[in-house]
Amino acid sequence: MKKRLTCISLALLIALVLMFGTSCSSSGDLSMSKDVDKMLEFTSEATDKAEAVAYKLAYDEKLADDSTGFRTAGSDAEHRAADYLAKEFEKIGLSDVEKEAVTVDKWQFNEAYMTVNYTGQDGQKKTFKLDNMVSYAAQGTKQLGGDYTNLDIVDMGMGTEADYRKYYKANNCENMEGKIVLVGVDQWNEVWIDGPYMEAAVQKAAAIISYPIDGYAKYNDDTLNMQDICAPDMKLPCTSITKNDAKKVQEIIKSGKNIAAKLYVDNEVGSQNGTSYNVVGTIKGTENTGQRIIVAGHYDKYFNGFEDDCTAVGLTAGIAKAIIDSAYKPANDIVFIAHAAEEWGRFDTSTDWAIGSWEMITTAHPEWQGSTLALINFEMPSVDSFNKNGVMRTTYEAGEIGKNLLSSDLLSGVKSFYEDGVVVKNDDQEIPRTDGISYQFQGVPVFMPRQEDRTEWTQNRYHTPKDDNNVEDTKKDGVHSKELLEYQLSLYSALAMYIDGSPALELDFNSRCDDFEAAVKDTEKYATKESVETYKKALTDLREAAAKNLEKAKSINADYEAAYKAEDEDAMKAARAQGVEHNKKSLTAFKYVQDEFMGLADYGDVELHHKGLQNNLDLYGDVVEALSDGKITEEDVWLAAAINGYYENYAYLFSDEVCALSNSLLMNDKVKSNWGSGKMTLAIKDSWKTTKNMYAQWNKGVTDAAEYRKFVDEYKGYMDILKKELQKYVNSETEAMGQLESML
């Protein structure tokens, strides 16, 4: 029941709002409630706009570079799409619409095919034309030059070093010159394409053609798949075909004679030679706060890319339309961005995605750091995978804001798409796989809807032509839902308005403290007891400062709400000014956390620095224990594969050259400005050599633990190195907690 207060003092109003916080039980209790209600009147039309933009981006052939629909970093199609989006942003009514140029490694796929001439078992000359082929971000035959018209084709299994050695032994040769290698890949369960690609180059193959054996593209055996390549430019064509087409090629290899293949790949790639455009439009703030909220998706894509990520850009445009049509006047700028070069944008790094967004926040607009209240980012926002719960993923400190919105009554007039509603989840696993990581690492809190379980949809459709506008549940994996799209539009428009309407950003640093506390569990195994106790004491002190910081933000917002109800404009302005100053402090502290504490546990998961090392130490310890105890088993030998975020797995599969390249990519040795640069804190680069030699010992049939003592000693040596590094991190994190406490 909602009560109306007809006469009450300003002081009492402040006290009541402080008591109950800003998450009131009725939308009428919040200053932005009428604005949100008004915005909700326009969501249907705005969703129509979102769908129209998504369909245009996904299916207009003029906005693609090739017949399959590719639109990649710095390509002509990406430029044409940027022009289209700029015009759409202007039509919607956004101001200051710009195409912000950023430098990327260009990738433009134009065409690929292979013609195979051979003699069949019946003695007849035959030709097989394979047109259904796409290229990874690798050099094309057209661009490399040379003769690709009379090549042999070899079925090279999974493209491991052992596969090549087996072939060399059987065929009395030393390399793959003049040969195309056909390789099956499982990028979900086994290895990424970078390993087979680099190995093919090391073995001097003329080209590599890959196909999915499992993992992705499971929709059917006629489904293509594409991923980012996470590799250097090896000057080697690398393409992808379907499983069924691979079977046809394998049959030719098996039974045909006089095989002569012609491969044609027109694929333009280069290093730092491309320009991508992040398309930007703004709803200008009215209070000159110098702050902004960003709403974004990315418009580069593979194939149709309807859900990934055309619907996200459509949703971004739809939110802009709903807010503009409702005549909402924000206090802060609300900036809408269609990011380019998200799928791939850089050679020589394992973190080769989210390049357009990284360049945006670091090069194009470094002044946004420290003054951006939030990034609301979208990835595949309208896939209904039949979950009972929706998930709002946030950087740890921002979860309080999402919870406050959802516990308020701002969306009381909106029926939840999800049976059990939306939950807020602190996230360090999904956000790093999106443009969100570029902004998070530069001090911007991130919000993003991402369903908990979409495994079947991802394995069937992700980065395939089957990422389309399917609305019929034919595969039991998920459907496009316009109803869900409208719900996301309502929810995240309201989130933008809620953040904008709250003068102080209610960041809960105690949420990150929970992460710190979980990370120090069992750290005494590797660091001194005294240092861990000092760490815990600093954490306790930090918690007090974090609680006071959050309390201060809530107090400022409560003052604002009370002043709003009292129609005291001067008090509202005063609260807004206090909020701006508070936000400067909180965002500086948020950036400090990212700089001083957070690293990458592998190429995708954000982890506290010392915890990443601790995880690796645990893995090394498991290996040491397994190799020191009696008879060695295959399971014991394979334990080391998980070291360094499973990059150690390459030691079992690939040559020394590939292992060295892989570890260089992991550590970003050649790329110094990238969201992964300087963040990989766990890897010992030469550990793979020990693992490779240990595996070779196993392959000789050796099972006596005494024969593995050398490897045990080497692993222990790596552990000693990591222990010293971990101790340094425990000490530096403790010191940083003291600094963070003073900042708050």
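This structure is a prediction, so every number in the text was calculated from the model and none was measured. (Residues numbered from 1 in each chain as written. Predicted model: local features only at pLDDT ≥ 70, side-chain atom pairs only at ≥ 80, totals over all residues. Heavy atoms only, no water.)

J.: Explain the overall build of the protein chain to me, please; I cannot follow it from the model alone.
T.: Secondary structure assignment for the protein chain yields 23 helices and 20 strands. Taken over C-alpha atoms, the radius of gyration comes to 28 Å for the protein chain, in line with the 27 Å a tight globule of 744 residues would show. On the principal axes, the C-alpha backbone points of the protein chain span a range of 100 × 65 × 45 Å. Summing over all exposed atoms, the protein chain offers an accessible surface of approximately 28,200 Å²; the carbon and sulfur share of this is 46%. Separation of charge centres in the protein chain, based on 81 positive and 123 negative side chains, amounts to 2 Å. (Helix = DSSP H or I, 4+ residues; strand = E, 2+ residues; numbered from the N terminus. Rg over C-alpha atoms; globule rule 2.2 N^0.38 Å. Areas by Shrake-Rupley, 256 points an atom, 1.4 Å probe, with all protein chains shown as cover. Lys, Arg positive; Asp, Glu negative; His and termini not counted. Charge placed at Lys NZ, Arg CZ, Asp CG, Glu CD.)

J.: What exactly am I supposed to notice about the pairing of strand E3 (residues 125-130) here?
T.: Successive side chains on a regular strand alternate, one facing one side of the sheet and the next facing the other. Inspection of the sheet shows strand E2 (residues 107-119) paired to E3 by six bridges, in the antiparallel sense. Across the sheet, the residue bridging to Thr115 is Lys129, located in E3. Connecting E2 to the next strand, E3, in antiparallel fashion are five residues, including Gly123 with a positive phi near 85°. (Pairing = 2+ DSSP bridges.)

J.: Explain the sheet that holds strand E11 (residues 292-298) here, please?
T.: Hydrogen bonds along the backbone pair up the strands of a sheet, which may run parallel or antiparallel. With mixed pairing, the eight strands of this open sheet are ordered in space as E1-E10-E12-E11-E13-E17-E15-E16. The open sheet has two edge strands with one neighbour each: strand E1 (95-104) and strand E16 (422-426). On average, each strand axis in the sheet is inclined to that of its neighbour by 25°, with strand direction left out of account. In this structure, E1 lies alongside strand E10 (residues 274-283), joined through eight bridges in antiparallel fashion. Bridged to Glu98 within E10 is Val280. (Axes fitted to C-alpha atoms, helices over the stretch in contact; angles between N-to-C directions.)

J.: Any chance you could explain the side chain of Gln614 here in plain terms?
T.: Along the chain, the position of Gln614 falls in helix H18 (residues 609-627). In contact with Gln614, not counting residues within four places along its chain, are Ala519, Lys521, Asp522, Thr523, Tyr526 and Leu726. (Contact = heavy atoms within 4.5 Å.)

J.: Would you mind showing me how to read helix H3 (residues 43-59) here?
T.: Helical geometry note: an α-helix holds 3.6 residues per turn, so side chains three or four residues apart project in the same direction. Here H3 spans 24 Å end to end across 17 residues, near enough to the 24 Å set by a 1.5 Å rise per residue. Taken as a whole, H3 has its buried residues at Thr43, Ala46, Thr47, Ala50, Glu51, Val53, Ala54, Leu57 and Ala58. Down the axis, H3 shows its buried residues gathered within 165° of arc, on one side only. Lining the buried residues of H3 we find helix H2 (33-40), helix H4 (76-92), helix H9 (306-325), strand E18 (479-480) and helix H14 (482-501). (Expected span 1.5 Å × (residues − 1). Buried < 20%, exposed > 50% of the residue type's maximum accessible area, 1.4 Å probe, protein only. Arc of directions from axis to C-beta.)

J.: Help me understand the pairing of E16, please; the structure alone is not making it clear to me.
T.: Sheet topology note: the strand E15 (residues 390-394)/E16 ladder contains five bridges and is parallel. The partner of Thr394 across the bridge, within E16, is Asn426. Chirality of the crossover, the property in question, places the unit of E15, helix H11 (residues 399-407) and E16 among those that are right-handed. (Right-handed = clockwise from strand over helix to strand, strands pointing away.)

J.: Would you explain the side chain of Asn110 in this entry?
T.: One can find Asn110 in strand E2. Separated by 2.9 Å, the side chains of Asn110 and Glu268 make a polar contact. Asn110 has contacts with Asp65, Asp66, Asp266 and Glu268, leaving out every residue within four places of it along the chain. (Polar contact = N/O pair within 3.5 Å; in protein donor to acceptor, adjacent residues only side chain to side chain.)

J.: Please explain the sheet that holds strand E5 (residues 152-155) as it appears in this structure.
T.: The strand order across the open sheet formed by five strands is E4-E8-E7-E6-E5, and the pairing between neighbours is mixed. Strand pairing shows two members of the sheet lacking a second neighbour, strand E4 (134-135) and E5, which therefore form its edges. The sheet contact formed by E5 and strand E6 (residues 179-185) spans four bridges and is parallel. Each bridged residue has a counterpart across the sheet, and for Asp155 the counterpart in E6 is Leu182. Taken strand by strand, helix H8 (residues 243-255) contacts E5, E6 and strand E7 (207-212), and its axis lies near 110° from that of E5.

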